[in-house]
Amino acid sequence: MESLASLNLIRLENQLQKLQNQFRKLIPLHKPIYHQLSDCGDHVVIMNTRHIAFSGNKWEQKVYSSHTGYPGGFKQVTAAQLHQKDPVAIVKLAIYGMLPKNLHRRTLMQRLHLFPDEDIPEDIRKNLVEELPQPRKVPKRLDEYTQEEIEAFPRLWSPPEDYRL
Amino acid sequence: MAALSVLVYPCRRLLWGLLAGPIATSWARLPARGFREVVEIQEGKTTIVEGRLTGTPKESPNPPNPSGQCPICRWNLKHKYGYEDVLLLSQFIRPLGGMLPRRITGLCLEEHRKIEECVKMAHRAGLFPNHRPRLPEGFVPKSKPQLNRYLTRWSPRSVKPIYNKGHRWNKVRMAVGSPLLKDNVSYSGRPLVLYH
């Protein structure tokens, strides 16, 4: 049977927690031909993982632990340190934990392609089919608002005449 | 002798006040005037440095609820703003990023605290790039790895990593957002989660 795989692109700017709905394309529950044994998932490409954002103080508080198997080999690394070493690792571990915990998980991870910046190899870029919507709306900075929007927003209080900032 | 000492001690206190007064406050007690901009004009050999009064911005007319006590109640924004409403928050901050005092802005205590917390979260999210503190001249800051964050309750430097996350009945949760904004209206219907 011909595989109906397609490549979908997610451009990450500032979100991590809300990826859950996007990578569902790996598990092809959205296709009417789904069967547990038929291997018909889609590929998902995620770029700009270097610019991911964590809510709260998770960059300092979240700890990723691993053990090499040797005595004294318990390593604990904060999210900031891990991101410094490998900008792709946080997204990879997050998605690995969100997939169903069965033997399909490894094959689904092979179909996930992560890139820290905008450069993607040519052969993947040519085959991209759909850009999935962003999970989270990125808030605008103060200098990204146009002058009309700033003037349209009402002034809430009037400072006294003789007040010096 | 005892009488003399009794007389001298209050005099000493008065002298302290008199001496400390003019010297300490001679530059702080200048008459406070409105918002000014400094303009330098050079005419031949004389330079004139002038502080011209710019107009103080006035409150917009017709607030929806004129009987409110603080600006937020007057404009019906009580439980409706968050850290991303930068246009609202920028009206209550100084040029270098600090908050304005409550007696000047006229906010009620709880709203002042909520806005203060939102301003802190917005600064940490990098939404006020032009309100950074002034650095001394010739100071080049070390290049730090730039991490994007949002809804940070605590200052990044003050937080320790959670090495022991605890068992299932006793987890150490990570704080997100602020409990002051617990009563905010949620249009998506999902409950606000303060601890992840």
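It should be emphasised that the depicted structure is a prediction, and the values quoted were computed from it without experimental measurement.

Asks: Give me the overall build of chain A: which residues, what numbers.
Replies: Each helix and strand in chain A was counted, giving 6 helices and 7 strands. Shown N-terminal to C-terminal, the secondary structure of chain A runs as helices and strands in the order β-β-β-α-β-β-α-α-α-β-α-β-α. Each of the 165 residues in chain A was classed as buried or not, and the buried ones make up 44%. The long-range share in chain A, meaning contacts at least 24 apart out of those at least 6 apart in sequence, stands at 68%. About 9700 Å² of surface is accessible on chain A, with carbon and sulfur atoms providing 52% of the total.

Asks: Provide a residue-level description of the overall build of chain B, including the pertinent values.
Replies: A tally of helices and strands in chain B yields 5 helices and 3 strands. Along the chain direction, N to C, the helices and strands of chain B fall in the order α-β-β-α-α-α-α-β. By the burial criterion, 27% of the 196 residues in chain B qualify as buried. Pairs at least 24 residues apart make up 45% of the contacts formed inside chain B by residues separated by at least 6 positions.

Asks: I'd like to hear about the pattern of salt bridges, residue by residue, with values.
Replies: One pass over the structure, following the stated rule, counts 9 salt bridges over all chains. Across the pair Lys140 of chain A and Glu149 of chain A runs a salt bridge, and its minimum N-O distance is 3.5 Å. Put simply, Glu59 of chain B and Arg74 of chain B hold a salt bridge, and the shortest N to O gap is 3.0 Å. Here Glu59 of chain B is found in the loop between strand 2 (46-53) and helix 2 (71-74), whereas its partner Arg74 of chain B is found in helix 2, with 15 residues between them in sequence. When salt bridges that share partners are traced, they join Arg141, Asp143 and Glu144 of chain A into one network.

Asks: Before we move on, can you summarise the pairing of strand 4 (residues 63-67) of chain A with the specific residues and values?
Replies: Consecutive side chains along a regular strand alternate between the two faces of the sheet. Residue and element names in this part refer to chain A. The pairing of strand 4 with strand 5 (residues 74-78) spans 5 bridges and is classified as antiparallel. Pairing of His67 across the sheet is with Phe74, part of strand 5. Linking strand 4 back to strand 5 in an antiparallel pair, the connection comprises 6 residues, with Gly69 at a positive phi of about 100°.

Asks: Now, about the interface of chain A and chain B: what can you tell me, with residues and values included?
Replies: Taken together, the contact pairs 42 residues of chain A with 55 residues of chain B. Between chain A and chain B the total buried area reaches about 4700 Å² when both faces are included, carbon and sulfur atoms providing 61% of it. At the boundary of chain A with chain B, the tally comes to 1 salt bridge. At the level of elements, strand 3 (53-55), helix 1 (58-61), strand 5, helix 2 (79-85) and helix 6 (147-152) of chain A are the ones that each hand at least two residues to the side of chain A that touches chain B. It is helix 1 of chain A that contributes the most residues to the side of chain A that touches chain B, 4 residues altogether. Among the residues making up the side of chain A that touches chain B, the classes are represented as 18 nonpolar, 11 polar and 13 charged. When strand 3 of chain A meets strand 3 (residues 148-150) of chain B, the two strands line up parallel, connected through 3 bridges. Residue Phe54 of chain A lies in a different strand from strand 3 of chain B, and its bridge partner there is Arg149 of chain B.

Asks: Got a sec to walk through helix 5 (residues 109-125) of chain B? Specific residues and values, please.
Replies: Residue and element names in this part refer to chain B. For helix 5, with 17 residues, the first-to-last C-alpha span of 24 Å sits near the 24 Å given by 1.5 Å per residue. Within helix 5, burial applies to Glu111, His112, Lys114, Ile115, Glu117, Cys118, Val119, Met121, Ala122 and His123. On its buried face, helix 5 sits against helix 2, helix 3 (86-89) and helix 4 (102-105). Looking one or two places after helix 5, you find Gly126, whose phi comes out positive at around 80°.

Asks: Lay out the confidence of the model for chain B with the relevant residues and their values.
Replies: Residue and element names in this part refer to chain B. Of all residues in chain B, 80% have pLDDT values of 70 or greater, and the mean over the chain is 81. By mean pLDDT, helix 1 (residues 2-25) is the weakest element of chain B at 48, and helix 5 is the strongest at 94. Ignoring residues within four places in sequence, the model shows residues 16-33, a span with pLDDT below 50, making 6 contacts including any to other chains. Per the prediction output, this complex has pTM 0.78; the corresponding ipTM is 0.82.

Asks: Describe the packing of aromatic side chains, and please don't skip the residues or the numbers.
Replies: Tallied over the entire structure, the rule returns 2 aromatic pairs over all chains. Aromatic side chains Phe54 of chain A and Trp59 of chain A sit 4.9 Å apart centroid to centroid with 80° between the ring planes, which places their arrangement in the edge-to-face category. The class for Trp59 of chain A is buried, based on a relative accessible area of 0%. Ring centres 6.1 Å apart and planes at 10° place the aromatic pair Trp157 of chain A and Phe92 of chain B in the stacked group. Residue Trp157 of chain A is found in the segment after helix 6, and its partner Phe92 of chain B is found in the loop between helix 3 and helix 4; the two belong to separate chains. With respect to class, Trp157 of chain A is no different from Phe92 of chain B; both count as buried. Over the ring of Tyr96 of chain A we find Arg105 of chain A, and its NZ or CZ is 3.9 Å from the ring centre.

Here is what the cut-offs are and how they apply
Residues numbered from 1 in each chain as written. Chains lettered and ligands numbered in written order. Predicted model: local features only at pLDDT ≥ 70, side-chain atom pairs only at ≥ 80, totals over all residues. Heavy atoms only, no water. Helix = DSSP H or I, 4+ residues; strand = E, 2+ residues; numbered from the N terminus. Buried < 20%, exposed > 50% of the residue type's maximum accessible area, 1.4 Å probe, protein only. Contact = heavy atoms within 4.5 Å. Areas by Shrake-Rupley, 256 points an atom, 1.4 Å probe, with all protein chains shown as cover. Salt bridge = Lys/Arg side-chain N within 4 Å of Asp/Glu carboxyl O. Pairing = 2+ DSSP bridges. Buried area = accessible area lost by both parts, 1.4 Å probe. Nonpolar A, V, L, I, M, F, W, Y, C, P; charged D, E, K, R; others polar. Expected span 1.5 Å × (residues − 1). pLDDT = per-residue confidence, 0-100. Phe/Tyr/Trp six-rings, centres within 6.5 Å; stacked < 30°, edge-to-face > 60°. Lys NZ or Arg CZ within 6 Å of the ring centre and 35° of its normal.

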